[in-house]
Amino acid sequence: MKTIFLATLFVIAFFASSSSRAYEHTVSQAVAVDVLIGSDDITGVRLAYRPHVYELNNVPYFDQLDIYWEVSVNFWEFGESNQHETNYVVALSPVVGKTFYRVKNKYPLRWEFGIGVSLVEDTRFAGKDIGSHYQFEDRLGIALDFGEQHKQSLALRYMHYSNGGLNSKNPGVDFLNVSYAYAF
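Quick caveat: nothing in here was measured; it's all calculated off a predicted structure.

S.K.: If you had to explain unusual backbone geometry to someone new, which residues and values would you point to?
M.R.: Positive phi is not limited to glycine here, since Asp63 has a value of about 70 degrees. With respect to the helices and strands, the residue Asp63 is situated in strand E3 (residues 63-80). Even without glycine at this site, His150 takes up a positive phi of about 55 degrees. Mapping His150 onto the fold places it in the loop between strand E8 (134-146) and strand E9 (152-162).

And the structure:
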């Protein structure tokens, strides 16, 4: 299922970029800070960088899409303050978004999804054996752009990390993610 989803993402990006008018321009780059509230009482912070945010036009079935690559570092924490565990994750994800509504006819509200790859420092964390250092980073969310020239955004996402069955141990880790991003 993840393979089909990832293949669909890349096919959309390929066809959109192959159209002479599809790739209009680079909108910006951005940084983001996320708060993670996870399953099994895991909490964390996620710092992300988006080197290029693209606006693709004339995309079949979608008209316009926003696409960006995001590299991130995650700091996960579990347990009481005097006996806690930490875990570090580095991830790279392509993300596709589509504006579906404008709040007050001004502020874009969009859905977004992405499937990327991540490298987890410790495979034993929060009482689980997640099976592999190599994990997939899946996301599904909603984001609202605001501020001067819509350079700021708030997002609410569901994020899931798992090895996609590459290892027999694959309990996964789920997060509710609240994100603030600033484009420049």
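That covers the picture; the talk isn't over yet.
S.K.: Please set out the nonpolar core residue by residue, giving values where relevant.
M.R.: Within the largest apolar cluster, 12 residues are counted, these being Leu36, Ile42, Trp76, Val89, Val120, Phe125, Ala126, Ile130, Met159, Tyr161, Val173 and Phe175. Every element with two or more residues in this core is listed here: E9 and strand E10 (173-183). Of all hydrophobic cores here, the second largest spans 6 residues; its members include Leu56, Ile67, Val96 and Phe113.

S.K.: Tell me what's going on with the pairing of strand E2 (residues 43-59), and back it up with residues and numbers.
M.R.: Pairing analysis gives 13 bridges linking E2 to E3, with the strands arranged antiparallel. Bridged to Tyr49 within E3 is Val71. As consecutive antiparallel partners, E2 and E3 are separated by 3 residues, and within that stretch Tyr61 has a phi angle of approximately 70 degrees, a positive value.

S.K.: An account of the pattern of salt bridges is needed here, citing residue identities and associated values.
M.R.: Taken as a whole and judged by the stated rule, the model has 12 salt bridges. In this structure, the salt-bridge partner of Asp34 is Arg157, at a minimum N-O distance of 3.4 Å. Remark: Arg157 occurs in strand E9 and Asp34 occurs in strand E1 (residues 23-38); sequence separation between them is 123 residues. Asp34 gets classed as buried once you look at its relative accessible area, which sits at 1%. The exposure class assigned to Arg157 is buried, which follows from its relative accessible area of 2%. Across the pair Arg139 and Glu70 runs a salt bridge, and its minimum N-O distance is 2.9 Å. Taken together, the residues span a long stretch of sequence, with Arg139 in strand E8 and Glu70 in strand E3 at a distance of 69 residues.

About the cut-offs
Residues numbered from 1 in each chain as written. Predicted model: local features only at pLDDT ≥ 70, side-chain atom pairs only at ≥ 80, totals over all residues. Heavy atoms only, no water. Helix = DSSP H or I, 4+ residues; strand = E, 2+ residues; numbered from the N terminus. Core = buried A, V, L, I, M, F, W, Y, C linked by side-chain atoms within 4.5 Å. Buried < 20%, exposed > 50% of the residue type's maximum accessible area, 1.4 Å probe, protein only. Pairing = 2+ DSSP bridges. Salt bridge = Lys/Arg side-chain N within 4 Å of Asp/Glu carboxyl O.

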